[in-house]
Amino acid sequence: MESIPGWQLIFLGGIATWIVFSSILNVTQKLRSLTQPLVSRYVMSGTSIVLKIQKYEHSYLDALFSGLSCVVSVPFYTAFLPLLFWSGHCKLARQMTLLISFCDYMGNCIKDVVSAPRPSSPPVRRVTATKDEEDNAMEYGLPSSHTLNTVCLSGYMLHYILSYTGSEDVSTELMGFALVCLVVGLIGVGRIYLGMHSLIDIIGGLALGLGILTLWLCVDTCIDDFIVSGQNVASFWAMLSFLLLFAYPTPELPTPSYEYHTAFNGVALGIVIGIQQTYHQFHHENVPRILTSHLGLHAFVGRILVGIPTILLVKFCSKALAKWILPILAYTLGIPVRSTSYIPALNASCTTNTLFYHNLVHQKL
């Protein structure tokens, strides 16, 4: 039997201890009482800035910023992350997946701790061109997840490209940095133009994104080494994923944020276990990479044509299966789990039970 390293016991024990004591001390409510009034005032005072930007309303701008918003959305991740794996850049693919998961967890945690409102509509015009945007509008505002994710993903992508190519040309680095800043700036302005966020939300997403990106660049090598060749990887990550479900804060009112985190939590767990089990077969550094003699463009396109439909089919079937099985398990075991929109049957079943928002056990951090 594989032994468990001491640092893993300490790490998991620390999270479990935090869950218990933060629940006893009502940490979430205390933090919310300190931050929510201040952030809400900034949101209200920032309404004038949103309205000034929305004075330039035009159908082309609606389409542009709505399209850019889709670049940092769940459908985009569903298509983009597999492309990285199929291109042969497996390290980039697994790092981007875990980074997205971490950004999603941290951003949504802060959203639900602070529980600060989005700009009031009306007077602000809120543009929700897709179902994904309608769901996003149900979340709290601070920080802007789109800004946070764009900073981290584009920043890490630039870091990887420069490292992979070995480029030391200052002009190339500056051009890449300017491009990242342009994309982040367009996303930030777009979120305000669409009426989804106030300026304080964008600033919060930018600051948090820079902090997470800096941290990730310091630890990404250690994380990758652990995943591909570490000890007790699968059981450690499974326990970590389980604890994170309970370490998540309870918002003031139900939102879809916890369900998004749970989904990405499951994706990260699956990726880690899959890579750890098949690294030497499919994910090592010598696998064929796109536009080389071993992986031509036609072969890459073939992977896309087969892979994308397979992913969509598995996603559809697994969601349908989960929506059917989870309510049955909840009723059978008497666990009053509540879902905001992902599983309507669970939402309807909670009216006769003690309402737990989104955890298997009601916790108040």
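Each chain has its residues counted from 1, running along the sequence as written. It should be noted that, the model being predicted, local features are given only for residues of pLDDT at least 70 and side-chain atom pairs only at 80 or more, the latter also being counted only at that level, while totals for whole chains, interfaces and linings use all residues. The side-chain values count all of the structure's non-hydrogen atoms but skip hydrogen atoms and water molecules.

Engineer: So what about the overall build of the protein? Which residues, and what values?
Structural biologist: In this text, helices come from DSSP runs of H or I with a minimum length of four residues, and strands from runs of E with a minimum of two, each type numbered from the N-terminal end. Assigned secondary structure in the protein consists of 14 helices and 0 strands. Scanning the protein from its N terminus toward the C terminus, one meets helices and strands in the order α-α-α-α-α-α-α-α-α-α-α-α-α-α. For the radius of gyration, the atoms used are the C-alpha atoms, and the globule rule reads 2.2 Å times the number of residues raised to 0.38. In summary, the protein has a C-alpha radius of gyration of 21 Å against a globular reference of 21 Å for 365 residues, a match within 12%. Along the three orthogonal principal directions, the C-alpha set of the protein runs to about 60 × 60 × 40 Å. Within the protein, buried positions represent 45% of all 365 residues. Here, residues are in contact when the closest pair of their heavy atoms is within 4.5 Å. When contacts within the protein are restricted to residue pairs at least 6 apart in sequence, those whose partners lie at least 24 apart make up 79%. As presented, the protein carries roughly 18600 Å² of accessible surface, and 72% of it is formed by carbon and sulfur atoms. In this charge count, Lys and Arg are treated as positive and Asp and Glu as negative; neither His nor the chain ends contribute. A charge is said to be at NZ when it belongs to Lys, at CZ for Arg, at CG for Asp and at CD for Glu. The average position of the 20 basic charges and that of the 20 acidic charges among the side chains of the protein differ by 8 Å. Summary of the burial criterion: residues with accessible area below 20% of their type's maximum are buried, those above 50% are exposed, and those between are partly exposed, where the area comes from a 1.4 Å probe applied to protein chains only. With residues, only the protein chains shown are counted as cover, and all accessible areas are computed by Shrake-Rupley using a 1.4 Å probe.

Engineer: If you had to explain the pattern of salt bridges to someone new, which residues and values would you point to?
Structural biologist: Salt-bridge detection follows one rule: a side-chain nitrogen of Lys or Arg within 4 Å of a carboxyl oxygen of Asp or Glu. Throughout the structure, instances matching the rule amount to 5 salt bridges. Taking the shortest distance from any N to any O, the salt bridge between Arg 125 and Asp 62 comes out at 3.0 Å. Of this pair, Arg 125 sits in the loop between helix 6 (90–114) and helix 7 (131–136) while Asp 62 sits in helix 4 (residues 59–70), placing them 63 residues apart in sequence. Two residues, Glu 285 and Arg 289, come together in a salt bridge whose shortest N-O distance is 3.0 Å. The class for Glu 285 is partly exposed, based on a relative accessible area of 37%. Note on Arg 289: relative accessible area 13%, which makes it buried.

Engineer: For the layout of surface pockets, give the residues involved together with the corresponding values.
Structural biologist: We place a 1 Å grid over just the protein atoms. Points where a 1.4 Å probe fits but has no way out form a cavity, open points with protein on both sides within 12 Å along at least 5 of 7 lines form a pocket, and any residue with an atom within 4 Å of a point lines it. Grid points are joined across faces, edges and corners, and a volume is the space filled by probe spheres set on the points. Put simply, the second largest pocket is a space of about 920 Å³. Contributing to the lining of the second largest pocket are 32 residues, with Phe 11, Ile 15, Phe 102, Leu 240 and Leu 244 lying nearest its centre. Mapped by element, the contributors of at least two residues to the lining of the second largest pocket are helix 1 (6–25), helix 2 (27–45), helix 6, helix 10 (199–229), helix 11 (233–247) and helix 12 (257–283). Top contributing element to the lining of the second largest pocket by residue count: helix 6, with 8 residues. Amino acid classes used here: Ala, Val, Leu, Ile, Met, Phe, Trp, Tyr, Cys and Pro are nonpolar; Asp, Glu, Lys and Arg are charged; the rest, including Gly, are polar. Its residues assigned to classes, the lining of the second largest pocket shows 27 nonpolar, 5 polar and no charged.

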